[in-house]
Amino acid sequence: NWSMSSFIDKEIARIREMVGPTAQVVGAVSGGVDSTVAAVIMSKAIGDRFHAILVDNGVMRLNECKTVYERLRNKLGINLTLADASATFLGKLAGVSEPEKKRKIIGNTFIDVFEAEAERIDKETALKGQAKIEYLLQGTLYPDVIESISFKGPSATIKTHHNVGGLKEDMKLKVIEPLRELFKDEVRALGKLMGLDDELVWRHPFPGPGLAIRILGEVTPDKVRIVQQADDIYISEIRKAGLYRQISQAYAALLPFNSVGVMGDQRTYEKTICLRAVETTDFMTADWFQFPYDVLKRISNRIINEVRGVNRVMYDVSSKPPATIELE
Ligand code: XMP
């Protein structure tokens, strides 16, 4: 793909020109295709003067931080630091059940943790006699740019934090956005061209506030465990059934009530998992996915048998609109 590979070359040249021979660059990575492609381009352009930061917010999917860290650091050679702030995030989320409050806490804590980490890196490089951090890499796409200008809905507030403009004023970093003229399919094509795994290139989108908005009501470590295990079973069965690419986004959520069940001759009173899977092109409207029943049955059996604390599984058959894709 000639135009895509010339895009990479041009972008690398433009970044080198802009950053110059000594300045340092920081950027957050999530393991999603946008931030990873942006990080690979930056790392090809300036090597270890690019410092990627992966923030563990305690509400990522099962083993996600570890997988992303290994993929980016060991496989893609990106100069990556893992900032494990899960205890801080979970501490601040304790007792909070209102969805927009959870989003705000996660957005603000993310910025605090990222800034502290960037400052630490800045001091460390200064000690080595290297130049300061002057630039911030962001994996903003064209639709993010448009959306942050035109749409100010509740979920866009945090999307703004995460994807566009990012940091507090006082850090005064200049923003570099290599993908800001591209659409998602073009970023996927770039990723494929740069040799990224199919699994990464085709990953379903994952919201910035993570599993916190998929645990309805208050977030606790045990609820995080339940939703992580259920989601992992769900997604791996979807992959095994060969349905992952057909589905635009799928996830398991934990509903905020207990219901009665029976196990052996014991009455149980446990949690319910809600499964959601949608097909969409723009995420503004979406249809629920029509699973083959046997696949749903296998997923439901596995979740109830394998995830401690769950005795019931439901499948969400609501389209968007009027329902949204997420439950919070
Ligand atoms: P809704 O629920 O609004 O979701 O139909 C549409 C798409 O946006 C994602 N989403 C978010 N992404 N921060 C994000 O980064 C958020 O607060 C947020 N809320 C929803 C959702 O996963 C879906 O892809």
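The shown structure was predicted, so the numbers you read here are calculated from the model rather than taken from an experiment.

K.L.:
What is the right way to look at the overall build of the chain in this model?
P.N.:
The secondary structure content of the chain amounts to 11 helices and nine strands. Taken against the 2.2 N^0.38 rule, which gives 20 Å for 328 residues, the C-alpha radius of gyration of the chain at 21 Å falls within 12% of a compact globule. Contacts in the chain between residues far apart in sequence, at least 24 positions, make up 77% of those at least 6 positions apart. Surface accessibility of the chain: about 16,000 Å² in total, with carbon and sulfur atoms responsible for 53%.

K.L.:
Whenever I open this one, the packing of helix α1 (residues 2–19) against helix α8 (residues 184–193) confuses me. Can you help?
P.N.:
Each pair of packed helices can be summarised by the angle the axes make with each other and by the distance between the axes. Two elements in contact, α1 and α8, have axes whose closest approach is 10 Å; the angle formed by their N-to-C orientations is 80 degrees. With respect to their mutual orientation, α1 and α8 come out roughly perpendicular. Mapping the contact onto sequence places Met4, Ser5, Phe7 and Ile8 in α1 and Glu186, Ala189, Leu190 and Leu193 in α8. For the contact of α1 with α8, a count of residues per class yields six nonpolar, one polar and one charged.

K.L.:
Please explain the site of the ligand as it appears in this structure.
P.N.:
The ligand sits among 12 residues. The nearest are Arg103, Gln249, Lys320, Ile325 and Glu326. Measuring from an oxygen atom of the ligand, one finds a side-chain N or O atom of lysine 320 at 2.7 Å. In this structure, an oxygen atom belonging to the ligand sits 2.5 Å away from a side-chain N or O atom of glutamate 326. Coverage of the ligand by the protein chains reaches 89% of its 500 Å² of free accessible surface. Here the residues of the shell around the ligand are counted per class, giving four nonpolar, four polar and four charged.

K.L.:
Even after reading the chapter, I still don't get the pairing of strand β3 (residues 80–84), so can you show me in this structure?
P.N.:
On a regular strand, each side chain points to the face opposite its neighbour's, so the side chains alternate between the two faces of the sheet. Direction of pairing for strand β2 (residues 50–56) relative to β3: parallel, over a ladder of five bridges. The residue bridging isoleucine 53 from the neighbouring strand is threonine 81, located in β3. Handedness of the crossover is the feature at issue here: the chain leaves β2, passes through helix α3 (residues 64–75), returns alongside β3, and the resulting connection is right-handed.

K.L.:
What's the story with the UniProt feature "binding site: ATP" (unreviewed entry) in the chain in this structure? I'm lost.
P.N.:
Per the UniProt entry, the sites bearing "binding site: ATP" (unreviewed entry) are Ser30, Gly31, Gly32, Val33, Asp34, Ser35 and Thr36 in this numbering. With respect to the element layout, aspartate 34 can be found in helix α2 (residues 33–46). Take aspartate 34: its relative accessible area is 16%, and that puts it in the buried class. Residues contacting aspartate 34, with those up to four places away along its chain left out, are Gly139, Leu141, Leu179, Lys184 and Val187.

K.L.:
Whenever I open this one, the nonpolar core confuses me. Can you help?
P.N.:
As a rule of thumb, soluble globular proteins bury nonpolar side chains together. Ranked by internal contacts, the top residues of the largest apolar core, which has 49 residues, are Tyr234, Ile238, Ile273, Leu275, Phe291 and Ile303. The biggest single contributor to this core is helix α10 (residues 221–240), with eight residues. In this structure, tyrosine 234 is in contact with Ala250, Tyr251, Ala252, Leu275, Arg276, Ala277, Phe291, Ile299 and Tyr315, ignoring residues within four places of it in sequence. Counting residues in each nonpolar core, the second largest holds 39 residues, with Ile15, Val19, Met42 and Val201 among its members.

Analysis parameters
Residues numbered from 1 in each chain as written. Predicted model: local features only at pLDDT ≥ 70, side-chain atom pairs only at ≥ 80, totals over all residues. Heavy atoms only, no water. Helix = DSSP H or I, 4+ residues; strand = E, 2+ residues; numbered from the N terminus. Rg over C-alpha atoms; globule rule 2.2 N^0.38 Å. Contact = heavy atoms within 4.5 Å. Areas by Shrake-Rupley, 256 points an atom, 1.4 Å probe, with all protein chains shown as cover. Axes fitted to C-alpha atoms, helices over the stretch in contact; angles between N-to-C directions. Parallel < 35°, antiparallel > 145°, perpendicular 65-115°, else oblique. Nonpolar A, V, L, I, M, F, W, Y, C, P; charged D, E, K, R; others polar. Near = heavy atom within 4 Å. Polar contact = N/O pair within 3.5 Å; in protein donor to acceptor, adjacent residues only side chain to side chain. Pairing = 2+ DSSP bridges. Right-handed = clockwise from strand over helix to strand, strands pointing away. UniProt positions renumbered as here; feature names shortened; annotations may be inferred. Buried < 20%, exposed > 50% of the residue type's maximum accessible area, 1.4 Å probe, protein only. Core = buried A, V, L, I, M, F, W, Y, C linked by side-chain atoms within 4.5 Å.

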